[in-house]
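Structural description and commentary
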Amino acid sequence: MTEIGKSRILEYTGRVLLLAALNYVFGKIGLLTAVQPGFASIFWPPAGIAIAMMLVYGCAIWPGVFIASFLFNSGMPEALLTGGTMEGFRVLAACGIAFGSSVQAVISCILIRRYFTLPVSLARTREVVTLMLAAGPVGCLIAATIGVTSLHFVGIVREEAFLQNWLTWWGGDVLGVFVFMPLFLVCSGTFERVFETGKKALYPYVAIIALIIPLGATLAAWKVAAQASYEKAHDQFAHLAIESEAALQHRMNSYEQSLLSGIGLIAGSASVERGEWHAFAKAMQVRDRFPGINGIGYIADVPADGVKSFLRETRADDAPDFSIHPEVTNNLYFVIKYIEPVDINAPAMGLNIAFEEERRLAAVAARDTGAAAITGRITLVQDNRKGAGFLLLLPVYKAGMPVNTVEERRLAHEGWVYAPFIARNFMKGLTINQGDDFNLTVYDGTEEKIGALLYTTDASAHRPAFTVRKKIGVKQQEWTLVWTSTKEFEQRQKTNEAIIILVSGLLFTALLGAVLQLQARRTDVVEEQVYIRTAELAEREAHLAQVVDRLTESNTELERFAYVVSHDMQEPIRMVSNFSSLLWHQYQDKMDASGKKYLDILIEGSRRLQNMITDLLEYARLGQAARGMQEIDSETMLQYVLENLNFVIYEHEAVVTHDKLPVFMGYPVQFMSLLQNLISNAIKYQPKGAEPKIHVGVEDGGDHWLFSIRDNGIGIDPKNADKIFEPFKRLHTYQDYPGTGLGLSACKKIVSNHGGRIWVESEQGVGSTFFFTIMK
Ligand code: ADP
């Protein structure tokens, strides 16, 4: 094998083992959240780790999932360590669970890799949420179904508990995926391989956390409710068991009491005769008053050497056929002398109970301790059904003899008052719940084996949900009592509380999920729109910039053209003007009235043309790059302007006032021209014969100066307020108010050259105020 091949295999094995180890360790942690009495945990980190690792390193490392799950569920490592053995069904279930977990991880991994292009951008919220839903709630259906079915198949999970286990399993896996998948990716530094975090997009995180919280809370609340109802039922069941045990002891004690009256009878007379015993037993009505008791009798402790005389005496007392049976070899004679009622107990008459160990031991124990004792499990000779039974024996001592020590008791011992019991009759109906709510099984001794079975009401194959076991001492004998719940009891204990919590919690989570998904879709759509619009805007902006560039270029060209044309036209027009003036001066006497009139028109026209060309030249010049800015004292500028306009001001008797004007950086010649244009307009656009009043104001606008030139002239219709700043736009005829229509457009250009803007506010017949700003 090549080196590369070897290292690949090593790398693969390492990853499989790492996955197995992580899943095993985190499985142990997850187990802490298992709901009693089920098997499933409400939080299962391995589900998340498996999918995360497989997304990063490929689906092929699935055996890691299988190994961990199998080891975990078969209890293999522990069994090997402690030298224990594994039951076959457990191994089978472990295989099923491991298979389920592996299939879940592989299918989720394949689906995600197929339908999503990894890494998924966190900005694409809908995709992220869908991926998490696929890995979580959808993918996790697989392991829960296969796992719980396996456990059910081998009988570990009962049918009634199937749904509960399935839900816990599924919920635990989903939580595991939601929390541990991102956590593993972040911790192992592989987050970027599944999720792209290029843009900060909080929504998916918020959405996932917003889903984890209600889901976790639901499962936790459900676990608490399920556990509480389980514990409540368990407590109730334990209480039933206690009641049942007390009833058993009570019954036994009351029977002992009844036997004590037999002792009283014997102690009260020197010798009890058969007839007396018969009368006593009849009066006691044992069979009617004490259920389970099969009779009441007397056993004589006959010394081996007194057997003959005993037989003689007994036969003489109305029992001519009395004989002792069976034969014994141990020389002990504990002979049943009386037993009532005789008819059903006939086989017991004359029985030497020392023939058999259980009876003998109990008899000796009662004799030696002076207290009541019962035998171990025996079959009564009088029980036709040959069921389990026992004898209750009370020792009888000779009157007047001391019974303080074992020796004294043996010496004084005379016999036993006893009662045979058929166990099934004795145990029947100890409490009213017996057989309905629980089954009672009683074993003689401490081991629960068939041979020791005294009694059971459990005939069904039902696997009980609740079991209570107890070893109790009963009249010098040890019994093991096992109470198991019946189907009916379990059914009665079922409350809907936990399931309602679970269903409503899951519904809420699902609804929230749907809302988040919708929201995510909306966010995506909005983001997409924003993206598209931004792109469109950028395109438009670029287009606009191009247009502006082109316009600027053609404007410049136009201005250059205007400049050249007006400059070149200056000369010929001056010539026309000069020569027409010359014509006027030298030839006016030689012309008739019409000639003079035409020449007049010619002179006026050429002057207008000259003015126009001067203004146009001026305007065109403004478009050309001006030389550097310099400090301007606008107050001085205003003085120059007023000097320039001296004649006009005088002619119109205008009054020009002004504020204190500031110093700023600008183009001095342009600024002067600006002021001059505005002030000369303010003087010009006055009603005939009016006295112009003009005020030049200024205000500090923070980063700029706000200048104003206010007049009391004819005013401007507000609808024309913008138009007048366009070149050649005039509101009056030349005859009314001469002008070229270029003044204000030049002003606009100058203000713009200074980084400001210009506008007018006016009321017709009242006056106008021209405002302009100059950047500081
Ligand atoms: P001109 O004065 O050469 O006609 P302008 O561009 O300076 O050109 O002005 C354009 C028009 O704006 C004028 O024809 C006039 O109608 C109007 N206008 C300018 N200044 C005033 C003002 N102070 N009051 C009233 N109208 C004015």
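Keep in mind that what you see is a predicted model, and the values were worked out from it rather than measured. (Residues numbered from 1 in each chain as written. Predicted model: local features only at pLDDT ≥ 70, side-chain atom pairs only at ≥ 80, totals over all residues. Heavy atoms only, no water.)

Along the chain, Arg274 turns up in helix 11 (residues 274-284). At 4.8 Å, Asp317 is the nearest oppositely charged side chain to Arg274, a buried residue that forms no salt bridge. At 3.2 Å, the side chain of Arg274 and the backbone oxygen of Lys337 are in polar contact. Residue contacts for Arg274: discarding those within four places in its chain leaves Thr314, Asp317, Asp318, Ala319, Phe322, Lys337, Tyr338 and Met349. (Helix = DSSP H or I, 4+ residues; strand = E, 2+ residues; numbered from the N terminus. Buried < 20%, exposed > 50% of the residue type's maximum accessible area, 1.4 Å probe, protein only. Lys, Arg positive; Asp, Glu negative; His and termini not counted. Salt bridge = Lys/Arg side-chain N within 4 Å of Asp/Glu carboxyl O. Polar contact = N/O pair within 3.5 Å; in protein donor to acceptor, adjacent residues only side chain to side chain. Contact = heavy atoms within 4.5 Å.)

A grouping of Leu163, Ile499, Ile500, Val503 and Leu507 is seen on the molecular surface, where their side chains present a nonpolar patch of about 440 Å² in accessible area. Residue contributions to the nonpolar patch peak at four residues, all from helix 19 (residues 497-587). Along the polypeptide, Val503 turns up in helix 19. Note on Val503: relative accessible area 44%, which makes it partly exposed. (Patch = residues over 30% accessible without salt bridge, like charges linked within 9 Å, V, L, I, M, F, W, Y side chains within 5 Å. Areas by Shrake-Rupley, 256 points an atom, 1.4 Å probe, with all protein chains shown as cover.)

Right, let's get into the pattern of salt bridges. Per the stated rule, a full pass over the model turns up 15 salt bridges. Note that Glu11 and Arg15 form a salt bridge whose closest N and O atoms lie 3.6 Å from each other. Taken together, the residues span about one helical turn, with Glu11 and Arg15 both in helix 1 (residues 3-31) at a distance of four residues. In this structure, Lys470 engages Glu245 in a salt bridge whose closest nitrogen and oxygen atoms are separated by 2.7 Å. Of this pair, Lys470 sits in strand 11 (residues 467-474) while Glu245 sits in helix 10 (residues 203-268), and the two are 225 residues apart along the sequence. Residue classification places Lys470 among the partly exposed positions, given a relative accessible area of 37%. When its relative accessible area of 13% is taken as the criterion, Glu245 is described as buried.

So, about the packing of aromatic side chains. Throughout the structure, instances matching the rule amount to 33 aromatic pairs. Centre to centre, the rings of Tyr24 and Phe72 are 5.7 Å apart; their planes meet at 75 degrees, and the pair counts as edge-to-face. One end of the pair, Tyr24, is in helix 1; the other, Phe72, is in helix 3 (residues 63-74), with 48 residues separating them in the sequence. Both residues of the pair, Tyr24 and Phe72, belong to the buried class. Of the aromatic side chains, those joined through ring pairs into one cluster are Tyr255, Phe290, Phe390, Phe421, Phe426 and Trp479. The ring of Tyr734 is capped by Arg608, whose NZ or CZ atom sits 3.7 Å from the centre of that ring. Sitting over the face of the ring of Trp705, Lys776 holds its NZ or CZ atom 4.5 Å from the ring centroid. (Phe/Tyr/Trp six-rings, centres within 6.5 Å; stacked < 30°, edge-to-face > 60°. Lys NZ or Arg CZ within 6 Å of the ring centre and 35° of its normal.)

Moving on, we get to empty space enclosed by the protein. Under the defined criterion, the tally for this structure stands at one cavity of 30 Å³ or more. Its boundaries defined by the atoms lining it, the largest cavity holds a volume of some 50 Å³. Lining the largest cavity are Ile336, Ala348, Leu351, Arg359, Leu380, Val381, Gln382, Leu391, Tyr418 and Pro420. Along the lines of polarity and charge, the residues of the lining of the largest cavity split into eight nonpolar, one polar and one charged. (1 Å grid on protein atoms, 1.4 Å probe; cavity = no way out; pocket = protein on both sides within 12 Å on 5 of 7 lines; lining within 4 Å. Points joined across faces, edges and corners; volume = space filled by probe spheres on them. Nonpolar A, V, L, I, M, F, W, Y, C, P; charged D, E, K, R; others polar.)

Glancing now at the site of the ligand. Every one of the 21 residues lining the ligand counts as a neighbour, but Asn681, Tyr685, Arg730, Thr740 and Leu744 are closest to it. Between the ligand and the protein, one listed contact pairs an oxygen atom with a side-chain N or O atom of Tyr685 at 2.8 Å. In this structure, an oxygen atom belonging to the ligand sits 3.3 Å away from a main-chain N or O atom of Gly743. Surface burial for the ligand is 98%, taken as the share of its 520 Å² of free accessible area covered by protein chains. Those elements that place two or more of their residues in the shell around the ligand are helix 23 (668-684), helix 24 (743-753) and strand 19 (767-775). A per-element tally of the shell around the ligand places helix 23 first, with three residues. By residue class, the composition of the shell around the ligand is nine nonpolar, eight polar and four charged. (Near = heavy atom within 4 Å.)

With that settled, the discussion passes to helix 2 (residues 45-57). Look at helix 2: 18 Å from first C-alpha to last across 13 residues, which is about the 18 Å you get at 1.5 Å a residue. Of the positions making up helix 2, those classed as buried are Pro45, Pro46, Ala47, Gly48, Ile49, Ala50, Ile51, Ala52, Met53, Met54, Leu55 and Val56. On its buried face, helix 2 is in contact with helix 1, helix 3, helix 5 (88-115), helix 6 (125-138), helix 8 (162-187) and helix 9 (191-194). (Expected span 1.5 Å × (residues − 1).)

As a further point, take the state of the cysteines. What the rule picks out here adds up to one disulfide. Summary of cysteine pairing: Cys187 is not part of a disulfide, and the nearest cysteine sulfur, belonging to Cys140, is at 20 Å. On the basis of relative accessibility, which here comes to 66%, the residue Cys187 falls in the exposed class. (Disulfide = S-S within 2.5 Å.)

Both faces of the sheet carry side chains from a regular strand, because those side chains alternate between them. With eight of its eight residues buried, strand 4 (residues 333-340) lies for the most part within the structure. The pairing of strand 3 (residues 296-302) with strand 4 spans seven bridges and is antiparallel. Looking at strand 4, one finds that Tyr298 is bridged to Tyr338. (Pairing = 2+ DSSP bridges.)

With 14 residues, helix 6 extends 18 Å from end C-alpha to end C-alpha; this agrees with the ideal 20 Å at 1.5 Å per step. Considered for burial, the residues of helix 6 that qualify are Thr125, Val128, Val129, Leu131, Met132, Ala135 and Gly136.

The next thing to look at is the environment of Pro45. Looking at where Pro45 falls in the secondary structure, it is placed in helix 2. Residues Pro45 and Gly370, spaced 325 residues apart in sequence, show a C-alpha to C-alpha distance of 65 Å. Setting aside anything within four residues of it in sequence, one finds Pro45 in contact with Phe26, Gly30, Gly176 and Phe180.

Considering the arrangement of structural elements, one finds Gln382 in the loop between strand 6 (378-379) and strand 7 (388-397). Of the residues examined, Gln382 reaches a relative accessible area of 10% and is grouped as buried. As a C-alpha pair, Gln382 and Pro347 span 35 residues in sequence and 5.6 Å in three-dimensional space. If we skip the residues at most four places from it in the chain, Gln382 touches Asn294, Ile344, Asn345, Pro347, Ala348 and Pro420. A polar side-chain atom of Gln382 sits 2.8 Å from a polar atom in the side chain of Asn345.

Orientation of helix 2 relative to helix 5, taken along the N-to-C sense of each, is 45 degrees, at an axis distance of 9 Å. The orientation of helix 2 with respect to helix 5, classified from their angle, is oblique. Here the hand of the crossing between helix 2 and helix 5 comes out right-handed. Along its contact with helix 2, which presents Ala47, Ala50, Ile51, Met54, Leu55 and Val56, the element helix 5 presents Gln104, Ala105, Val106, Ser108, Cys109, Ile112 and Arg113. (Axes fitted to C-alpha atoms, helices over the stretch in contact; angles between N-to-C directions. Parallel < 35°, antiparallel > 145°, perpendicular 65-115°, else oblique. Left-handed = near helix turned anticlockwise from the far one by under 90°.)

Right, let's talk about the sheet that holds strand 9 (residues 438-444) for a bit. Across the sheet, which stays open at both edges, the four strands sit in the order 10-9-12-11 with antiparallel pairing between neighbours. Lying at the two open borders of the sheet, with one neighbouring strand each, are strand 10 (453-456) and strand 11. Put simply, the sheet's adjacent strands are angled 15 degrees from each other on average, direction ignored.

Backbone geometry follows two general trends: most residues other than glycine have a negative phi, and most peptide bonds adopt the trans configuration. Note the cis peptide between Leu118 and Pro119, where omega equals -5 degrees. Relative to the helices and strands, Pro119 is located in the loop between helix 5 and strand 1 (120-121). Look at the link from His325 to Pro326: it is a cis peptide, with omega at -15 degrees. Mapped onto the fold, Pro326 is located in the loop between helix 13 (307-316) and strand 4. Unusually for a residue other than glycine, Asn331 sits at a positive phi of about 65 degrees. Residue placement: Asn331 occurs in the loop between helix 13 and strand 4.

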